[in-house]
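Listed below, chain by chain, are the residues.
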Amino acid sequence: MSAHNLEGNLYHRDYIIGIVLLLIVVVLWTSSNFLTQDLFEDGYEKPFLVTYLNTSAFAFYLIPYAIKKSITGGSTSADDSNELLPLTTKETAQLAASFCFLWFIANWTVNASLDYTSVASATILSSMSGFFTLAIGRVFRVETLTLVKIGAVATSFIGVVLVSASDSSQTNPGPPAPSSSLNPDRINSMTMFAYVHILGDALALLSALFYALYVTLLKVRIRSESRIDMQLFFGFVGLFNILTCWPIGILLHITGVERFEMPYTSKAVLALLINMGITLSSDYIYVIAMLKTTPLVVTIGLSLTMPLAVLGDFVLGKPAKIQVIVGAAVVLCSFILVGLEDAHNAEEPDLLTGRIIEEGQDEGGVRLEEEVAAEP
């Protein structure tokens, strides 16, 4: 067998492994959403605390790093053939400090949205991150703007409109009976319910925006995933979240927005621990899946959380309305459309400049201070 064929077989094997890992992430993330919503429905409505515990769990990744460093004496091996040198521990910590708050906001808003809307709706709307990524990526010149991609973005917004319209009128009981037509409490209750679901949709979209900012800017900063130890990076993200985000919790407690309370049932404690475990494992598996495939593949693959969430709501006795189902299908199709465009038209010129935007070109690069200083 030639070296070329052997390399091709290894690539395909890794690709299949990456797809399998991605499917595991899809199941884990959707399960985490249902666990979080079930926790809220049981009365423990603490989206900030849930997010704080989940993201803080990343700090456990520093334990194997500390053990490895104590055994090896901190020595690391670098591949001199790489054009881009791996980030040092200090540079990785600086990068984590820069991005931990974006990561926290992205997770906090999606958890908060589950307190106001369904898992299916929150999942569909938060999956808009792929399209925010396209827009932000174009600003930083790491994505090519094409007619097909613009059409896919427009299509996705149709899905968003369907989901949002369904949520805002989900429990509209129709015209009130004459005896209650002048009841202000009933009218206020109906209005508040509509506003609550709109708020949930807005939080899910905000999560999509912050996640897109996080992923795109991280890619621009490191330029190649091989340069960074993602386990170490997540460990520092968890550590910085522990050290910097607790004042937000105190502020929420003082203002009464979210009172700090220990979980009062064993079921709530178990749900919190399982959620922490899911977050700790799934985010790392997600990175491995991305390294074995491509960021585009995992972005498209994660859209599978949408039909899975709709199915989960149906199994739990909360079947989605036809608008939500159609919205899921529309958003899923738009993701696939973007994927096919990138797969078959990688060399298509950008609409605005008429030139091909290549990954890693200097126009879109944002470098670490140490790199800028080191370059001639």
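To be clear, the structure that these remarks concern was listed above.
Thresholds applied
Residues numbered from 1 in each chain as written. Predicted model: local features only at pLDDT ≥ 70, side-chain atom pairs only at ≥ 80, totals over all residues. Heavy atoms only, no water. Helix = DSSP H or I, 4+ residues; strand = E, 2+ residues; numbered from the N terminus. Buried < 20%, exposed > 50% of the residue type's maximum accessible area, 1.4 Å probe, protein only. Contact = heavy atoms within 4.5 Å. Areas by Shrake-Rupley, 256 points an atom, 1.4 Å probe, with all protein chains shown as cover. Patch = residues over 30% accessible without salt bridge, like charges linked within 9 Å, V, L, I, M, F, W, Y side chains within 5 Å. Salt bridge = Lys/Arg side-chain N within 4 Å of Asp/Glu carboxyl O. Core = buried A, V, L, I, M, F, W, Y, C linked by side-chain atoms within 4.5 Å. Disulfide = S-S within 2.5 Å.

Novice: Go over the overall build of the chain with me, naming the residues and quoting the values.
Specialist: Summing up its helical and strand segments, the chain has 15 helices and zero strands in all. In the chain, which comprises 376 residues, the share counted as buried stands at 42%. A separation threshold of at least 6 residues defines the contact pool for the chain, and within that pool the share at least 24 residues apart is 87%. Accessible surface computed for the chain: about 19,300 Å², of which carbon and sulfur atoms make up 68%.

Novice: Explain a nonpolar patch on the surface to me, using residue names and the numbers behind them.
Specialist: Together, Phe 60, Ile 63, Ile 67 and Ile 71 line one region of the surface with nonpolar side chains, adding up to about 430 Å² of accessible area. In this fold, Ile 71 is placed in helix α3 (residues 62–72).

Novice: Hey, could you go over the pattern of salt bridges for me, with residue numbers and the actual values?
Specialist: On inspection of all chains with the given rule, the structure shows three salt bridges. With its nearest N and O atoms 3.4 Å apart, the salt bridge here joins Glu 261 to Lys 46. Of this pair, Glu 261 sits in the loop between α10 (246–255) and α11 (266–292) while Lys 46 sits in the loop between α1 (3–41) and α2 (47–56), and the two are 215 residues apart along the sequence. By relative accessible area, Glu 261 is classed as partly exposed at 38%. On the basis of relative accessibility, which here comes to 8%, the residue Lys 46 falls in the buried class. Members of the salt-bridge network, linked through shared partners, are Asp 38, Asp 42 and Lys 267.

Novice: Which residues make up the nonpolar core, and what values do they have?
Specialist: Counting 35 residues, the largest nonpolar core has Leu 95, Tyr 214, Phe 233 and Phe 234 as its most contacted members. Mapped onto this core, the elements with two or more residues apiece are α1, α4 (89–113), α8 (184–222), α9 (230–244) and α11. The biggest single contributor to this core is α4, with eight residues. Judged by nonpolar contacts, the second largest core, of 13 residues, contains Phe 34, Val 119, Ala 122 and Ala 271.

Novice: Residue-level account of the state of the cysteines, with values.
Specialist: Summed over all chains, the structure comprises zero disulfides. Unpaired in terms of disulfides, Cys 100 finds its nearest cysteine sulfur in Cys 245, a separation of 6.0 Å. When its relative accessible area of 5% is taken as the criterion, Cys 100 is described as buried.

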